[in-house]
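What follows is the residue order along each chain.
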Amino acid sequence: MAARLLRSPCLIKRLKIYKQNKKIKKMAEAIVSFVVGKLGDLIIKEAGLLGGVKSQVKRVQTELMNIRCYLASADSKQRKGDAESALVENWLNQLRDVAYRLEDVIDIFYVELEGSYLQVQNTHNQQKNYPNYFLGKLKNLFHKSMKVPGLHKLGIELADIQKELEDIFISKDKYGLTPLLDQAGRGPEPVIDENKLSKRRPAYQDLDETEIVGLDADRDNILKLLLSSQETPRRDVITIVGTGGLGKTTLAHMVYKRAKPYFEYHTILTVSQQFSLNDLLAKMLGEVVDLIKMPQVADPEKQKVLELISKYEGFELKKQDFAFFISKLKILLSGIKYLIIFDDVWEVKLWDRMQYAMPDYKNGSRVLMTSRSIDVARLANPKTKPYELTFLNDKESCDLLLKKACYYKSPIEVEFSSDLLELANELSKKCKGLPLALIVLGGILSTRHQNYHDWKKVLDTMDWHQEGRDCMNVLAMSYEDMPYYLKPCFIYLASFPEDYEISARNLIYMWVAEGFIPEQGKKTLEETAEIFLEQLYERSMVQVSSRYCNGSIKYFRVHDLLHDLAMHEARKVNFVTVFQKLPQSSHADRVTRRVSIQANESVEDSSEFMKYIGSNTRSLLLFDRRLIDPRSAIDFRLLRVLETDTGLTSKNVPQGFDGLIHLKYLGIKNNDVPFNLPRDFCWDRLKNLETLIGNVEQQMGLWSIRTLRHVKSKYVPFDGPPANADLRNLQTLQWMSSSCLKAWHKNQLPILNNLRKLGLHIEHEIESVECEMVDYLLATLPYLLSLKITGGQFEIPKEIVYPRGLPNYQNLETLLLVGRWPDNVTVEASLFPPHLISLTLGGSQLAVDPMPELGKLKSLKKFMLEYGVYIGGKEMVCPAGFPALQTLGLYVGNKIKNFTVMEGVMPKLKHLDLDAFFMGIGKLNLPPELQHLALRDY
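Taking an unreviewed UniProt entry as the reference, the protein is identified by name as Disease resistance protein RPP8 belonging to Rhynchospora pubera. A UniProt comment under Sequence similarities (unreviewed entry) is attached to the protein, and it reads "Belongs to the disease resistance NB-LRR family."

A. Local environment of the packing of helix 25 (residues 504-514) against helix 26 (residues 525-538). Here helix 25 crosses helix 26 at 115°, and the two axes come no closer than 9 Å. As for how helix 25 packs across helix 26, the hand of that crossing is right-handed. Taken together, the residues of helix 26 that come into contact with helix 25 (itself represented by Ala504, Ile508, Tyr509, Trp511 and Val512) are Leu525, Glu526, Ala529, Glu530, Phe532, Leu533 and Leu536. Across the contact of helix 25 with helix 26, the residue classes break down as 10 nonpolar, no polar and two charged.

B. Seen up close, the packing of helix 13 (residues 277-292) against helix 14 (residues 300-309). At their nearest, the axes of helix 13 and helix 14 sit 11 Å apart, and the two run at 120° to each other. On the basis of their axis angle, the class for helix 13 and helix 14 is oblique. Considering only the axes of helix 13 and helix 14, their crossing is left-handed. In this structure, helix 13 uses Leu285, Val289 and Ile292 to contact helix 14, whose residues at the interface are Lys302, Leu306 and Ile309. Looking at the contact of helix 13 with helix 14 residue by residue, the class counts come to five nonpolar, no polar and one charged.

C. Spatial organisation of the pairing of strand 1 (residues 236-241). The element strand 1 is largely enclosed, with a buried count of six among its six residues. Neither face of strand 1 is exposed, since Asp236, Ile238 and Ile240 on one face and Val237, Thr239 and Val241 on the opposite face are all buried. For strand 1 and strand 4 (residues 366-371), the ladder comprises six bridges, and the chain directions are parallel. Its bridge partner lying in strand 4, Val237 is registered against Val367. For strand 1 and strand 5 (residues 387-388), the ladder comprises two bridges, and the chain directions are parallel. Note on strand 5: the bridge partner recorded for Val241 is Glu388.

D. Representation of the environment of Gly433 in the model. Structurally, the position occupied by Gly433 is in the loop between helix 20 (418-430) and helix 21 (435-446). Exposure remark for Gly433: the relative accessible area of 3% places this residue in the buried category. Those residues in contact with Gly433 that lie beyond four places of it in its chain are Phe391, Leu392, Ser397 and Leu438.

E. The arrangement of the sheet that holds strand 22 (residues 875-878) in detail. The strand order 22-24-26 describes an open sheet built from three strands, whose pairing is parallel. Whereas interior strands pair on both sides, the edge strands pair on one side only; in this sheet they are strand 22 and strand 26 (923-925). Taking the axes of each pair of neighbouring strands and ignoring which way they run, one obtains an average angle of 10° across the sheet. Relative to strand 26, strand 24 (residues 898-901) runs parallel, the two sharing three bridges. Residue Phe899 lies in a different strand from strand 26, and its bridge partner there is Leu924.

F. Geometry of the packing of aromatic side chains. Scanning the entire structure with this criterion turns up 12 aromatic pairs. For the pair Trp703 and Phe718, a centre-to-centre distance of 6.1 Å together with 75° between the ring planes defines the contact as edge-to-face. Linking Trp703 in the loop between strand 14 (691-693) and strand 15 (710-712) with Phe718 in the loop between strand 15 and strand 16 (732-737), this pair joins segments that are 15 residues apart in sequence. The pair formed by Trp703 and Phe718 is uniform in burial state, with each residue classed as buried. Of note, Arg594 hangs over the ring of Phe575, and the distance from its end group to the ring centre comes to 4.1 Å.

G. The arrangement of the side chain of Gln734 in detail. Summarising the element assignment, Gln734 is placed in strand 16. For Gln734, a relative accessible area of 11% puts it in the buried group. Apart from residues no more than four positions distant in its own chain, Gln734 is found in contact with Val711, Lys712, Ser713, Phe718, Lys757, Leu758, Gly759, Ser786 and Lys788.

What counts and how
Residues numbered from 1 in each chain as written. Predicted model: local features only at pLDDT ≥ 70, side-chain atom pairs only at ≥ 80, totals over all residues. Heavy atoms only, no water. UniProt positions renumbered as here; feature names shortened; annotations may be inferred. Axes fitted to C-alpha atoms, helices over the stretch in contact; angles between N-to-C directions. Helix = DSSP H or I, 4+ residues; strand = E, 2+ residues; numbered from the N terminus. Left-handed = near helix turned anticlockwise from the far one by under 90°. Contact = heavy atoms within 4.5 Å. Nonpolar A, V, L, I, M, F, W, Y, C, P; charged D, E, K, R; others polar. Parallel < 35°, antiparallel > 145°, perpendicular 65-115°, else oblique. Buried < 20%, exposed > 50% of the residue type's maximum accessible area, 1.4 Å probe, protein only. Pairing = 2+ DSSP bridges. Phe/Tyr/Trp six-rings, centres within 6.5 Å; stacked < 30°, edge-to-face > 60°. Lys NZ or Arg CZ within 6 Å of the ring centre and 35° of its normal.

Written out as structure tokens, the structure is:
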């Protein structure tokens, strides 16, 4: 009977249909898994309050777990979009909607329960020891009276949802899914390949040009146009045009890397469709100010402009009008030879306005522009023919595909059989010479075994017959090919604007807050999330722009076409709604779970967007500094993630902000504006908060939140946790004021045993007892990876570096010490952690040149020397060592007249970052093999 059933043509047809809908199914898998976990939390945490409803919660959880077992089959096939396929898609959408509704019911129950706690608390005036003592008493009271607020309503809604789930479970038979799903079982769990992770590819800015195919001649041709200053001294505009995915941005970066030594000021400005003119102008102005900020600037007009700009904070500067930027840039760029690259320009109006900030001094200055539009290119420079990129030929296509498929090896090192080479050639031809399609297809092949059978399955999987959609088919396949746990992580990227440089760490914190990251053995959720991001990079779904010294991703972007793919897939499953302009209809959908507002200056009243945020919104990302209107009556109570470029103060905090008990991530990107809440605001109301990024002046109750994982501030240091604070989940604390140390005792230290990153700001000459507290604290941090201490003119605590300090921190990778070096302690290599990768020293006031000793640090990859590090002479010498150093930063000021690196020292150096002194007055003596690095990087 079973054999006949499996051979049934009808079943085989339905089997194919189901696999075609794997993509939607896997999204449903992720959603249902999250809700199942939330039900488990409800049972565990509120068992005493649920009473008779507890059994209903368990029944719903069991029903969901049964359905989840049918949602994650391992194989995938393409979609055909026929009628039966649409029915299956509708079945999965019904399941997703019920799961969302269940999540809402649980979260609203928590909100109403919290409101009742607070109401009773106010009535009984039990402020002390809340929520620990009082909450326990209150729960006992509710349990005894069996009158838990909202419990009856919860029971009714759970019964209704259970009935819906039973109907959905039964209805799967109508679609012929049962026989298939009984075989499919659970899909693959996240697989972590530690060997692959340890062999990370270089960042975009360090990309080896040998990995790039077909652009060498184009690079040389563009360089000739940029460097022809003697033949063409006038400012010239060179334009590169071509369809999306041809490699315009890659070519621009290749050219920039080689051309920038010939220009005093150079920069790359990423424009995209939704650009902010003020942001671009502010970036240029800030860079030019940094370039010419040196003592010998004699031009009184430039000095006057520098003094004026120094009065503005970053946020205030961006608020200036167009005329302000143009007038200041024209003055500061006077006499400077510049190279400015505008990448991904969509509208000619950009050049119509920006050209006024770049006067022609007939000194060989150049502007390079990339665009998909030939019209934009022609209008930017009507006198010169645009440089048009062409598609790769068959040989170049196959070479590029193999380079990407051999992810961790050079294709030269790999022996390919003749049939595999023939198959690779056939696959590459399907991409029609488009580099992006080849790179993404190579990313798919890199996840397969390198044999004919596995690669042939990829060829057979694709629908190659839709004329003119080859690239989009490859990109769509790259998404369908992802394991289910990567899909929500990828389409979440649609929440960010096009060409936006995304902070990997902040994104990882958001993924964790959203519940996308599963537990993986002893790894933290953040470590698992980092691996997921690396897997997206391995599949060529993101473009890394920079990495930390330990190899982890620091910033990245998403290619325009892949961003479009993420947007498309996010819309299909109602995953995120992106607003770039106001909806035409006043009845716009308000049921989306996530909202991203990306309005630009063309929208006059961007606060109008806020009315489209529904009461069930879980994530709100604001990329417009004009938003957050305190008059907006927005129901934020279910919000989990809030990321905003807007400065929040006590005057514009939205109503109900103190009731966000579900909020897990709060990021205030406008870090130069203090996050100043009302005086009576108590942070412990946000009892589930995990990540706080921003300058927080009002900190009452913050350290009572036991769920905290990351607390980061740029300008305003945190007061620091009190003695005995239980912060065992905290991994990041930057910056903490030294003022809290006096209140500690060696037997009453805060519980911070999982801390990975610590920043300590010394505000006074700390006493011996405070030094001891630092010593005791560091001894309790076995997982510490990064330690940053700033003290300005104050002394670094001796206990940190001597006699037993730093060498004991075996895991420490990053160390920053800005402050006076402890008296009577000589700098020796033995004082530093054995596996140190990044070191920054400043204000040390050392009497002996530290370079000979520091050269003995064998693992050091990045070394930054800042002002006041050495006062014992006017010359610093590196006689030997630094075998692993890749980046050297010299910001030592005008006290050091000579800096010498001997031959054979720093053999792996790639980047040399210099301050204005070494660019203008000081003498930098480099061996011949390093002289090409004397550039200024931005």
